[in-house]
Amino acid sequence: MAESIEQTLISPRYLAGSGDPAWVTVPLHRACGWSTAGDPLVPRVILTSPDQLAQLAQLRIAPAPDPAEPWWTLRHAHHGGQRAWEITFDAQTPVEIIAAVTDTLTAPAPSPTASVDPYDPLRAAGWHASHHHDGRTSPKGMTSPDGLARVDRIVDESGRSAGWIVETSVHHLPAIWRAYADGNTPSHVASAFFGALADTTPLIRHPHRVPPLAVTHGSTSTRQVSAESVAFALRNRTTALAQRNPAAPPSAPPAPPHSPTARRAR
């Protein structure tokens with residue numbers, strides 16, 4: 001009989017905690033040909049796209065990153081008619097949400113030329129117009145049905161859009177995580193980001209790495225899954241992206257991750 005282990009399903013996904021950073025970085029490097037660079041004395045990982053236009057920097061300040069500081073920074077250079085843009089994510093942003101952005105960026109199909117409404121995935125998931133605004137946010141923001149996540153449009157002094165702030169917070173407690181996308185972020189990239197944020201599919205975490213707020217303000221359940229499916233989840237994801245990107249430079253397949261019980265909780 002195949003060995004099974006217990007895993008926890010967390011909903012809504014924006015309360016699931018950070019997860020394993022390798023979910024983002026390994027496929028970018030091994031399946032999409034992003035190269036690594038950086039100073040070994042600086043605790044960060046830098047990945048650059050093959051065309052040198054996009055760069056992802058992930059700080060690795062273990063064991064406890066500052067929740068008020070960006071942990072991930074995705075930058076894309078000016079190219080053609082598209083201005084340079086940047087998205088930052090705090091440390092507790094679920095890696096599956098970040099991966100939705102990088103997966104869109106590395107898709108082999110050309111970026112769509114027609115503008116899309118980034119709010120369409122939010123509306124489809126039942127998000128509604130935000131009731132919280134300050135002097136810098138636009139009334140065009142959206143709030144999740146449970147009120148725990150919010151997407152706000154940032155406006156400058158002239159009233160023009162200057163980007164988006166995404167925040168997950170519980171009542172009057174400090175924000176769990178924030179992300180910022182500047183106003184030049186392509187609409188299809190923002191749409192992928194917001195779609196992953198509003199996706200109602202639960203995220204899976206090891207029971208020892210379930211954030212307390214996910215238990216008190218979200219929905220959690222446990223299930224037994226095969227140990228093999230957990231061990232090879234990252235490899236399967238990387239293989240799928242490699243098949244989607246046949247032009248990417250070949251790379252050795254990633255080794256199975258360590259057993260979940262051996263990983264450090266954040």
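Just above, that's the structure.
What this report covers is the structure whose coordinates are included nearby. (Residues numbered from 1 in each chain as written. Predicted model: local features only at pLDDT ≥ 70, side-chain atom pairs only at ≥ 80, totals over all residues. Heavy atoms only, no water.)

### Thoughts on the nonpolar core
- Ranked by size, the top nonpolar core spans 50 residues in total, and within it Trp-127, Val-151 and Phe-194 carry the most contacts.
- Per-element accounting of this core gives the leading share, seven residues, to helix H4 (residues 187-198).
- Apart from residues lying up to four places away in sequence, Val-151 is in contact with Tyr-119, Leu-122, Trp-127, Gly-141, Met-142, Trp-164, Ile-165, Val-166, Phe-194 and Leu-197. (Core = buried A, V, L, I, M, F, W, Y, C linked by side-chain atoms within 4.5 Å. Buried < 20%, exposed > 50% of the residue type's maximum accessible area, 1.4 Å probe, protein only. Helix = DSSP H or I, 4+ residues; strand = E, 2+ residues; numbered from the N terminus. Contact = heavy atoms within 4.5 Å.)

### Observations regarding unusual backbone geometry
- That bond from Ser-11 to Pro-12 is cis: its omega, -5 degrees, falls within 30 degrees of zero.
- Mapped onto the secondary structure, Pro-12 falls in the loop between strand E1 (4-11) and helix H1 (22-30).
- Backbone geometry places Gln-52, a non-glycine residue, at a positive phi of 70 degrees.
- Secondary-structure assignment places Gln-52 in the loop between strand E3 (44-48) and strand E4 (54-59).
- Exposure remark for Gln-52: the relative accessible area of 56% places this residue in the exposed category.
- Residue His-171 is not a glycine yet carries a positive backbone phi of 50 degrees.
- Within the fold, His-171 resides in the loop between strand E10 (161-168) and strand E11 (177-182).

### What to know about the side chain of Arg-13
- With respect to the helices and strands, the residue Arg-13 is situated in the loop between E1 and H1.
- By relative accessible area, Arg-13 is classed as buried at 7%.
- At 3.2 Å, the side chain of Arg-13 forms a polar contact with the backbone oxygen of Ala-196.
- Among all residues touching Arg-13, those that are not within four sequence positions of it are Pro-94, Ala-196, Leu-197, Asp-199, Thr-201 and Leu-203. (Polar contact = N/O pair within 3.5 Å; in protein donor to acceptor, adjacent residues only side chain to side chain.)

### As for the packing of aromatic side chains
- Under the defined criterion, the tally for this structure stands at five aromatic pairs.
- Ring plane angle 85 degrees and centroid distance 6.4 Å describe the contact between Tyr-14 and Trp-127, whose orientation is recorded as edge-to-face. Here Tyr-14 is found in the loop between E1 and H1, whereas its partner Trp-127 is found in the loop between helix H3 (120-124) and strand E7 (128-129), with 113 residues between them in sequence. Neither residue differs from the other here; Tyr-14 and Trp-127 are each classed as buried.
- A centroid spacing of 5.5 Å and a plane angle of 40 degrees characterise the contact between Phe-193 and Phe-194, whose relative ring orientation is tilted. (Phe/Tyr/Trp six-rings, centres within 6.5 Å; stacked < 30°, edge-to-face > 60°.)

### Things to note about the sheet that holds strand E13 (residues 219-226)
- Strands sit in the order E12-E1-E13 across an open sheet of three strands; the sheet is antiparallel. Taken across any chain shown, the strands that pair with only one partner, and hence form the sheet edges, are strand E12 (203-205) and E13. Neighbour-to-neighbour, the strand axes of this sheet turn through a mean angle of 35 degrees, independent of strand direction.
- Where E1 meets E13, eight bridges bridge the pair, whose relative direction is antiparallel. By the bridge assignment, Ile-10 is partnered in E13 with Thr-220. (Pairing = 2+ DSSP bridges. Axes fitted to C-alpha atoms, helices over the stretch in contact; angles between N-to-C directions.)

Nothing here speaks to function; it is all geometry.
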